[in-house]
Amino acid sequence: MSSELPAGVERRVVDGRERLATRGEPVYGEPTDGEWRAWNPARSKLGAMLELGMETAFEGGERVLYLGAASGTTVSHVADFAGPTYAVEFAPRPARDLLSVAASRPRLFPLLKDARRPETYAHVVEAGVDAIVQDVATRGQARVALENRRFLADDGRLLLAVKARSEDVAREPAAVFEEITDELAAEYALLERRRLEPYHADHLAVVAEPR
Amino acid sequence: MTDETDPAGEGWFAGLAPDEPGAEAIAEGGTETPRPWPRLAVEAGFATDEGAYYDRLHEATTRATRRAVREREAADDQQVKHAVRAMDDCRRTANELAERLAEWAGTVDGGGSGIEYARELAADADGEPFAGLARRVADLAAEADRLESFVETRTPEVAPNLSALAGPVLAARLLSLAGGLETLAKKPSGTIQVLGAEDALFAHLRGHAPSPKHGVIFTHEAVRGTRAEDRGSAARALAGKLAIAARIDHYSGDRRPELEGELADRLATIRARADDSSAAGDTDDGPATGSTDDGPAAGSTDDGPAAGDTDDGPATGGPNADGGIGDVE
């Protein structure tokens, strides 16, 4: 009903400026204030979505499937305020950093898996998660969202960051975004969409719920 | 509890013993359709409650991911191995051709030598019969540089401790000579000390040459920057630390910056010998003495010390006064 921040995420003055912050072990040299650590929206698409006031529907404590966790920058903040969080990442090098993020977060589950092949992790990730956060930099971003629909509760949310350049570097981002949102419509109802400027160039954020 | 076929049957935890971590099941299992695993696991008696289930899941996923990361990253050592070999080939070929070119071009042009000269000719010898050759030399040299920068960025990702200690290019050469990070990690430091000196080593083993003090690690400042009498000791100390670094990189993957400090301390001690000249005759250099003549198929091809099977060859090494050599950790 409003774009309030989820419990566990606050706007606090950290390092002289008001910023989003969560409580947890610092992971990437972010500024901290006591146990609160700043969440930089320029380094995190979900951070930018919250900063821009999008309706993520996060309240705190949700079960989350995070696709494209990379080295764990964003997922570390998610695990700070959410409940059990499954972090899927395909590349080994960033997954190594993700492991150290998970070491201090007992409800963060790192998985070295390909988000385009959910059948390789459906025996681990539980059905009915409250949110899927997707930030994968590959072609076929819409297909990834459709394939992973099977994990999402009927009243859950898809929070998707689409990177135009991953889909096709040469094409106009607006055209890429149209195509992807059309494709998503097969299984999702779109609730909100907006571009993530100034935090991320040529990225579209989408909030959707299953049909 | 359940009357249909076991609902937990397709979950990662099915059939796991209470004390089994389950990393294999995480890594290798799979199913089409997710189910409410935490609840099913509790119903199946796998965990007493969902909290306990999540604790075990955390441990299993962490283990499985750590292992998979290590395996997948290990495959990258092969990229580095091929790149550094290609780099050496390009550079050697470029130098050879540059010599030929200089000889030829010297008959018409003012003359010069080396790659630099080839670059000049490539730029302004148009129309000369050797212009194409000059361009190819310049291209090969450029390719060697490109490969070197690939090696410099990739090796620290594959073997961070080894690269920090040896420098990325020497680290890549060691990986290449051993055949990969895993084989390097399994070699005793005495073998690492003489990797790249196989000709000299097998000559020694056949009984008509002194034992080599160092192989490719000669290019390391720790060896080259030490006076000749103490190079054997320096090479042995360096090889000991490199062996440890390779093992950490292969088996654990964390960064251990203290290795560099330890090596520096050890070198300072060795180099201090030069100051008190009384301490003459440090004769403990070569790795290989006592070793038998089982040197595998001497012939010493150029692909490293008869890959894999030489563990008993060069390295009687063993723990020895210089410390650090045989010990892992």
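The structure under discussion appears in the preceding block.
Residues numbered from 1 in each chain as written. Chains lettered and ligands numbered in written order. Predicted model: local features only at pLDDT ≥ 70, side-chain atom pairs only at ≥ 80, totals over all residues. Heavy atoms only, no water.

1. Here we look at unusual backbone geometry
Residues and elements named next belong to chain A. Where we set the bar: Numbering of helices and strands runs from the N terminus, with a helix taken as a DSSP run of H or I at least four residues long and a strand as a DSSP run of E at least two residues long. Only protein chains enter the accessibility calculation, which uses a 1.4 Å probe; a residue whose area is less than 20% of its type maximum is buried, one above 50% is exposed, and one in between is partly exposed.
With omega at 5°, the peptide bond leading from E197 into P198 counts as cis. Here P198 is to be found in the loop between β10 (188–195) and β11 (203–210). With a phi close to 55°, D202 is a non-glycine residue in the positive phi region. Along the chain, the position of D202 falls in the loop between β10 and β11. For D202, a relative accessible area of 23% gives the class partly exposed.

2. Describing the interface of chain A and chain B
Convention followed: Two residues form a contact once any of their heavy atoms are found within 4.5 Å. By convention, the term buried area covers the 1.4 Å-probe accessible surface removed from two parts as they join, with the contributions of both added. For this analysis, a salt bridge means a side-chain nitrogen from Lys or Arg found within 4 Å of a carboxyl oxygen belonging to Asp or Glu. Pairs of N or O atoms within 3.5 Å make up the polar contacts considered here, provided that, within protein, one atom can donate a hydrogen while the other can accept it, and that residues adjacent in sequence are counted only when both atoms are side-chain atoms. Each residue is assigned to one class: nonpolar for Ala, Val, Leu, Ile, Met, Phe, Trp, Tyr, Cys and Pro, charged for Asp, Glu, Lys and Arg, and polar for all the others, Gly among them.
Every contact between the two is made by 31 residues of chain A and, on the other side, 33 residues of chain B. When the two sides are added together, the surface that chain A and chain B hide from each other amounts to roughly 2,500 Å², 58% of it contributed by carbon and sulfur. The largest contributions to the chain A side of the interface with chain B come from R96, L99 and H123 of chain A, which together make up 26% of the buried area. Across the chain A-chain B interface, the total number found is two salt bridges. Measuring nitrogen to oxygen at the nearest pair gives 3.4 Å for the salt bridge that ties E32 of chain B to R150 of chain A. The interface formed by chain A and chain B includes 17 residue pairs in polar contact (both at pLDDT 80 or more). Elements supplying a minimum of two residues to the side of chain A that touches chain B: α3 (92–103) and β7 (108–112) of chain A. For the side of chain A that touches chain B, the element with the highest residue contribution is α3 of chain A, accounting for six residues. The residue makeup of the side of chain A that touches chain B, split by class, is 20 nonpolar, two polar and nine charged.

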